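# Notes for the structure review
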Amino acid sequence: MLKLTSALLIGGLASTASFAEKWHMPTPYGDGNLPTQIAYTFAQEIKDNTKGELDITVHSGGSLVKHTEIPRSVKTGQVQMGEVFLGILGNENPVYKHDNIPFLATSFEDAKKLWEAAKPEVSEQLDKDGMLLLYAVAWPAQSLYSEEPVNTLADLAGTKMRAYSPSTSRLADLMGTTPTTIQVPDIPQAFSTGIIQAMITSPSTGVDSQAWDYVKNYTDVQAWIPKNIIVVNKRAFNRLDKATQQIILDAATHAEAAGWTKVAARAAKDKATLIENGMTASDPSPQLLEELQAIGKTMIEEWKAESPKDVGAILSRYQNGL
């Protein structure tokens, strides 16, 4: 009887293990970045709370799927879940551009309000593409890196600037520079070979790519605060039982809250690291700030013209605090 009981117990454990779900979650950034660290915590919370019945492997740094291919991979079900920089979806629908518009939201408080205002339209569009929005993690504000000091836009005339989304390409045009699409892993080589001479990005990306090795000037324009979003394939999600679905949604709520809590501290830490490694950090001159703000107004009007109904709804909710 004891042998029979033991055999049944072992068999039951093996059966339970065989039904464990194994999911894959590609992310575009390395392990040192806040969004990736939060993704690991998110996956671990789900594994713990499902007692291992849903095991999500985070593949960081584009190691499983290249950044630009992650949305399609989730949409088609090649992977169950993935993380993507929201702005790179801008060509698919204007609602994805909201956090790449310069000087629309430059503080974390305003960026959070803008996200809440944009979330209904973003969620609706993702749903049409077979994906469910889980959570978002903000980056530190985007500032200017350059080989030479920049006091006015004229100082950048004729240079090539890194672009990483449709909106940043348009920004580069309006700044009188030539937009050049460069992904994060390729930034150092692009600077060292003269492919680009300037970029607008976060202090975190500057630290991640060791910007002090190829540029010396950091102008803290704090133009906008972009986000990564984490999405799940709807069919994969709907196949789960209700309890597991709720565990995922709860973990997503915790992940987003952690992101908004930690991003300001990370921004200050990473800016300090740039300075510690020899970069010259300065505030923008009044003229540079005025010129960039004027570009921001132009881009807001262009954005509204792309989709007056959806973009108008986002701006109305944001500006009215709804």
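Residues numbered from 1 in each chain as written. Predicted model: local features only at pLDDT ≥ 70, side-chain atom pairs only at ≥ 80, totals over all residues. Heavy atoms only, no water.

### Some words on the overall build of the chain
A count of helices and strands for the chain gives eleven helices and eleven strands. Its C-alpha radius of gyration of 22 Å places the chain within 12% of the 20 Å reference for a compact globule of 322 residues. If you line up the chain on its principal axes, its C-alpha atoms span 85 × 45 × 30 Å. A fraction of 78% describes how many contacts in the chain between residues 6 or more apart in sequence connect residues 24 or more apart. As displayed, the chain has an accessible area near 14,600 Å², and 53% of this comes from carbon and sulfur atoms. Computed over 29 positive and 37 negative side-chain charges, the inter-centroid distance for the chain is 6 Å. (Helix = DSSP H or I, 4+ residues; strand = E, 2+ residues; numbered from the N terminus. Rg over C-alpha atoms; globule rule 2.2 N^0.38 Å. Contact = heavy atoms within 4.5 Å. Areas by Shrake-Rupley, 256 points an atom, 1.4 Å probe, with all protein chains shown as cover. Lys, Arg positive; Asp, Glu negative; His and termini not counted. Charge placed at Lys NZ, Arg CZ, Asp CG, Glu CD.)

### Points about the side chain of asparagine 33
Examined against the element boundaries, asparagine 33 turns out to sit in the loop between strand 1 (21-26) and helix 2 (34-49). A residue is classified by how much of its surface remains accessible, and asparagine 33, at 3% relative accessible area, is buried. Residues in contact with asparagine 33, not counting those within four places in the same chain, are Trp139, Ser204, Asp208 and Arg266. (Buried < 20%, exposed > 50% of the residue type's maximum accessible area, 1.4 Å probe, protein only.)

### Remarks on the nonpolar core
Among soluble globular proteins, nonpolar side chains are generally buried collectively. Met175 and Ile229 are the most contacted members of the largest nonpolar core, which totals 71 residues. Among the elements that take part in this core, helix 4 (residues 108-128) stands out by supplying seven residues, more than any other. Core analysis: the second largest hydrophobic core is formed by 26 residues, Ile38, Ala39, Leu54 and Ala252 among them. (Core = buried A, V, L, I, M, F, W, Y, C linked by side-chain atoms within 4.5 Å.)

### A closer look at the pairing of strand 7 (residues 178-181)
For strand 6 (residues 160-163) and strand 7, the ladder comprises four bridges, and the chain directions are parallel. In the strand pairing of strand 7, methionine 161 is matched with proline 179. (Pairing = 2+ DSSP bridges.)

### A short note on unusual backbone geometry
You will see that phenylalanine 103, though not glycine, has its phi angle at about 65 degrees, which is positive. Along the polypeptide, phenylalanine 103 turns up in the loop between strand 3 (81-85) and helix 4. Its identity as a non-glycine residue notwithstanding, glutamine 222 has a phi of 45 degrees, on the positive side. Turning to its location among the elements, glutamine 222 is positioned in the loop between strand 9 (217-219) and strand 10 (227-233). On the accessibility criterion, glutamine 222 (35% relative accessible area) is partly exposed.

### Some thoughts on the layout of surface pockets
Where empty space is left in the structure can be found by rolling a water-sized probe over the atoms. Estimated volume of the largest pocket: approximately 300 Å³. In terms of lining residues, the largest pocket is bounded by 20 residues, among which Pro28, His67, Gln183, Val184 and Pro185 are the most central. Here the lining of the largest pocket is built from residues that sort into nine nonpolar, nine polar and two charged. By volume, the second largest pocket amounts to about 190 Å³. It is helix 9 (residues 242-276) that provides the largest number of residues to the lining of the second largest pocket, a total of six residues. (1 Å grid on protein atoms, 1.4 Å probe; cavity = no way out; pocket = protein on both sides within 12 Å on 5 of 7 lines; lining within 4 Å. Points joined across faces, edges and corners; volume = space filled by probe spheres on them. Nonpolar A, V, L, I, M, F, W, Y, C, P; charged D, E, K, R; others polar.)

### As for the side chain of lysine 97
Mapped onto the elements, lysine 97 comes out in the loop between strand 3 and helix 4. Engagement of the side chain of lysine 97 in a polar contact is seen with the side chain of glutamate 306, the distance being 2.9 Å. Residues within four places of lysine 97 in sequence aside, it is in contact with Gly90, Pro166, Ser167, Trp303 and Glu306. (Polar contact = N/O pair within 3.5 Å; in protein donor to acceptor, adjacent residues only side chain to side chain.)

### Focus: the pattern of salt bridges
Applying the stated criterion to the full structure yields 16 salt bridges. Salt bridges sharing common partners tie together Lys22, Lys47 and Asp55. (Salt bridge = Lys/Arg side-chain N within 4 Å of Asp/Glu carboxyl O.)

### Some points on the packing of aromatic side chains
The full count for this structure, using the stated rule, is five aromatic pairs. Ring geometry for phenylalanine 85 versus tyrosine 164: centroids 5.2 Å apart, planes at 85 degrees, classification edge-to-face. With phenylalanine 85 in strand 3 and tyrosine 164 in the loop between strand 6 and helix 5 (166-174), the pair connects residues that are 79 residues apart, well separated along the chain. Grouping residues by exposure puts phenylalanine 85 and tyrosine 164 together as buried. Seen from their ring centres, phenylalanine 191 and tyrosine 214 are 4.7 Å apart, and the 20 degrees between their planes marks the pair as stacked. Here tyrosine 214 lies in the loop between helix 7 (203-208) and strand 9 and phenylalanine 191 lies in helix 6 (residues 187-192), a separation of 23 residues in the sequence. (Phe/Tyr/Trp six-rings, centres within 6.5 Å; stacked < 30°, edge-to-face > 60°.)

### Some details on helix 10 (residues 286-306)
Here helix 10 spans 31 Å end to end across 21 residues, near enough to the 30 Å set by a 1.5 Å rise per residue. Looking at the buried side of helix 10, the elements it contacts are helix 5, strand 9 and helix 11 (308-320). (Expected span 1.5 Å × (residues − 1).)

### Overview of the pairing of strand 10
Taken across its seven residues, strand 10 has seven buried, putting it largely inside the fold. Residues Lys227, Ile229, Val231 and Asn233 line one face of strand 10 and the alternating positions Asn228, Ile230 and Val232 line the opposite face, and both faces are buried. Here strand 4 (residues 131-138) pairs with strand 10 via seven bridges, running antiparallel. Paired with leucine 133 across the strands is valine 231, a residue of strand 10.

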